[in-house]
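# Close look at the chain arrangement
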Amino acid sequence: MPKSAAARLTFVATYLITGIAGFVGSHLAHALVARGDHVRGLDNFSTGRRANLASIAEKIDLITADLTDPEAVERACKGVDAILHQGALPSVPRSIKDPRGSHRANIDGTFNLLEGARHAGVQRVLYAASSSAYGNQPGFPRVETMLPQPIAPYPVQKLTGELYMQSYARVYGLETVCLRYFNIFGPRQAPDSPYSGVIAKWVRQMLAGEDATLEGDGEQGRDFTYIANAVSANLLALAAPADKVAGRVFNVASGQRSSLNETWALLAGLTGYTRPPQRVERRAGDIDNSLADIGAAGEAFGYQPRVSFAEGLARTVEYARALQA
Ligand code: UD1
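Residues numbered from 1 in each chain as written. Predicted model: local features only at pLDDT ≥ 70, side-chain atom pairs only at ≥ 80, totals over all residues. Heavy atoms only, no water.

### Considerations on the packing of aromatic side chains
In this description, a pair of aromatic rings is defined by centroid distance and the angle of the planes. The following threshold applies: What counts as a ring pair is set by centres within 6.5 Å for rings of Phe, Tyr and Trp (its six-membered ring), and what kind of pair is set by the plane angle: stacked under 30 degrees, edge-to-face over 60, tilted for all other angles. What counts as a helix is a DSSP run of H or I of at least four residues, what counts as a strand is a run of E of at least two, and both are numbered from the N terminus. A simple rule labels every residue: compare its accessible area, found with a 1.4 Å probe on the protein chains alone, to the largest value its type can have, and call it buried under 20%, exposed over 50%, or partly exposed in between.
The final tally for this structure, using the stated rule, is eleven aromatic pairs. Judged by centre distance (5.3 Å) and plane angle (50 degrees), the ring pair of Phe111 and Tyr164 falls under tilted. Remark: Tyr164 occurs in helix 6 (residues 153-172) and Phe111 occurs in helix 5 (residues 99-120); sequence separation between them is 53 residues. On the accessibility criterion, Phe111 (31% relative accessible area) is partly exposed. Geometrically, the ring pair formed by Trp202 and Trp264 is edge-to-face, given 5.0 Å between the ring centres and 80 degrees between the ring planes. Here Trp264 lies in helix 10 (residues 260-271) and Trp202 lies in helix 7 (residues 198-207), a separation of 62 residues in the sequence. Look at Trp202 and you get buried, because its relative accessible area is 2%.

### Considering the sheet that holds strand 1 (residues 14-18)
We count it as follows: Following DSSP output, two strands are said to pair if at least two bridges run between them. Every axis in this analysis is a line fitted to C-alpha atoms, fitted for helices over the stretch in contact. Angles between the N-to-C directions lie between 0 and 180 degrees. Contacts are assigned to residue pairs that have any heavy atoms within 4.5 Å of one another.
Reading across the sheet, the seven strands line up as 3-2-1-4-5-6-11 and stay open at both edges, with parallel pairing between neighbours. Strands at the two margins of the open sheet, each flanked by one partner only, are strand 3 (60-64) and strand 11 (248-252). For this sheet, the mean inter-axis angle between neighbouring strands, taken without regard to orientation, is 20 degrees. As paired strands, strand 4 (residues 82-85) and strand 5 (residues 124-130) are joined by four bridges and run parallel to one another. Of the residues in strand 5, the one forming a bridge with His85 is Tyr127. The sheet strands contacting helix 3 (residues 70-77) are strand 1, strand 2 (38-43), strand 3 and strand 4, and the helix crosses strand 2 at an angle near 170 degrees. Each of strand 1, strand 4, strand 5, strand 6 (175-181) and strand 11 is contacted by helix 8 (residues 227-239), which is oriented at about 145 degrees to strand 5, the strand it contacts most.

### Comments concerning the side chain of His30
To be explicit about the condition: Identification of polar contacts relies on pairs of N or O atoms within 3.5 Å, with a donor-acceptor requirement for protein atoms, meaning one able to donate a hydrogen and the other able to accept it, and with residues adjacent in sequence counted only if both atoms are side-chain atoms.
Tracing the backbone through its elements, the reader meets His30 in helix 2 (residues 23-34). There is a polar contact of 3.1 Å between the side chain of His30 and the backbone oxygen of Asn52. Aside from chain neighbours lying at most four places away, what touches His30 is Asn52, Leu53, Ser55, Ile56 and Arg188.

### Quick look at the site of the ligand
Quick reminder of the rule: A cutoff of 4 Å decides nearness: a residue is near a molecule or strand if any of its heavy atoms lies inside that distance of it. All accessible-area figures derive from a Shrake-Rupley calculation using a 1.4 Å probe, and residue coverage is judged against the displayed protein chains alone. All amino acids are sorted into three groups, where Ala, Val, Leu, Ile, Met, Phe, Trp, Tyr, Cys and Pro are nonpolar, Asp, Glu, Lys and Arg are charged, and the leftover types, Gly among them, are polar.
Among the 23 residues in the neighbourhood of the ligand, the closest are listed as Ser130, Asn183, Val198, Glu215 and Arg222. Taking Tyr181, its main chain carries an N or O atom lying 2.8 Å from an oxygen atom of the ligand. Measuring from an oxygen atom of the ligand, one finds a backbone N or O atom of Val198 at 2.7 Å. Bound to the protein, the ligand loses 91% of the 740 Å² it would expose on its own. Elements with a contribution of two residues or more to the shell around the ligand: helix 7 and strand 8 (213-215). Split into classes, the residues belonging to the shell around the ligand amount to nine nonpolar, nine polar and five charged.

### Quick notes on the pattern of salt bridges
Going by this rule: Salt bridges, as used here, are contacts in which a Lys or Arg side-chain nitrogen is within 4 Å of a carboxyl oxygen on Asp or Glu.
Under the definition given, this model contains twelve salt bridges. Note that Glu115 is salt-bridged to Arg118, the shortest N-O span being 2.8 Å. Of this pair, Glu115 and Arg118 both sit in helix 5, separated by three residues, roughly a single helical turn. Residue class for Glu115 comes out buried when judged on its relative accessible area of 17%. With a relative accessible area of 32%, Arg118 lands in the partly exposed category. One salt bridge connects Arg282 with Asp286, and the closest N-O pair in it is separated by 2.7 Å.

### Quick notes on helix 7
Across the ten residues of helix 7, seven count as buried, placing the element largely inside the fold. Among the residues making up helix 7, those that are buried are Ile199, Ala200, Trp202, Val203, Gln205, Met206 and Leu207. Taken together, the buried residues of helix 7 touch strand 7 (184-185), strand 8, helix 10 and helix 12 (309-324).

### Focus on the environment of Gly22
Within the secondary structure layout, Gly22 lies in the loop between strand 1 and helix 2. Given the relative accessible area of 17%, Gly22 is considered buried. Along the sequence, Gly22 and Glu281 sit 259 residues apart, while their C-alpha atoms lie 29 Å from each other. If we skip the residues at most four places from it in the chain, Gly22 touches Asp43, Gly48 and Asn52.

The structure is reproduced here in structure tokens:
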């Protein structure tokens, strides 16, 4: 029997973070470095940014490689206790425009990671899964026992990764844990790509006094989750006993839904923005609503959102304002 993760991972451990230079990956890296753990990171810098790691660059071991390179991934997994697999090509619209590119990064990349982990004897893998897997089916809040109904290629890819994670838990005994992220937002989220998350984009545009776009009538809703809450979910899931988490899927969210119109109003208030939204058509493959039941993560590893939506928005605006100053 391997030592339980709880026993082993409470000591100084070596973690591999894939997508370490990205938004979520870099926050996880900062949190692990702050508590004195050894952090190795893998990134191909296709969407990640070195600036996200600037203040911890000396303290991490950074490998520039692509998840689609099996040998590089296998080398990166050597000597690692647990992996936080955040590397992916996100965005529903990107996956519609370039399904092959996102398929390679998200499915082939995840498969390579699991093979690397298995060969290196890694104990645990946390996987950044996506709430978009639930699709547009009726029934809120979303519970992990619902049958997924992914629509666009991106949620299909993320869900495929979950199935692979579960297979590796059952077949090879790897302690895989799927965390279904619900619209994570916060400081360092890239604001300047057409595929950026809506909050990061709007904050930048509002602070710059530029026009900002609202797609559809704005009544679609999301369970927006502040980054610090997602980080705490990961740290708790890393330390949880295997029998509570291995091979399982958990929602990671705030447990509250906000419409885009409500979000617009809050951000306009925080930034002093007075222009009306530029209204355009709804996106293909967009989901109407999103709201999570977060009871399973609470029960299994004590997860509870600590930072509210309003406080998260305020911190995000403050960060973006300081960057502009
Ligand atoms: C997001 C994530 C995705 C994750 C999913 C579930 C990003 C880029 N995507 O997808 O990786 O799997 O949550 O957690 O973070 N919108 C506007 N104006 C804009 C931009 C967007 O009105 O300028 C609208 C979109 O049409 C959509 C909503 O805002 O209705 C949210 O879009 P977005 O932030 O891209 O996130 P999701 O598609 O929900």
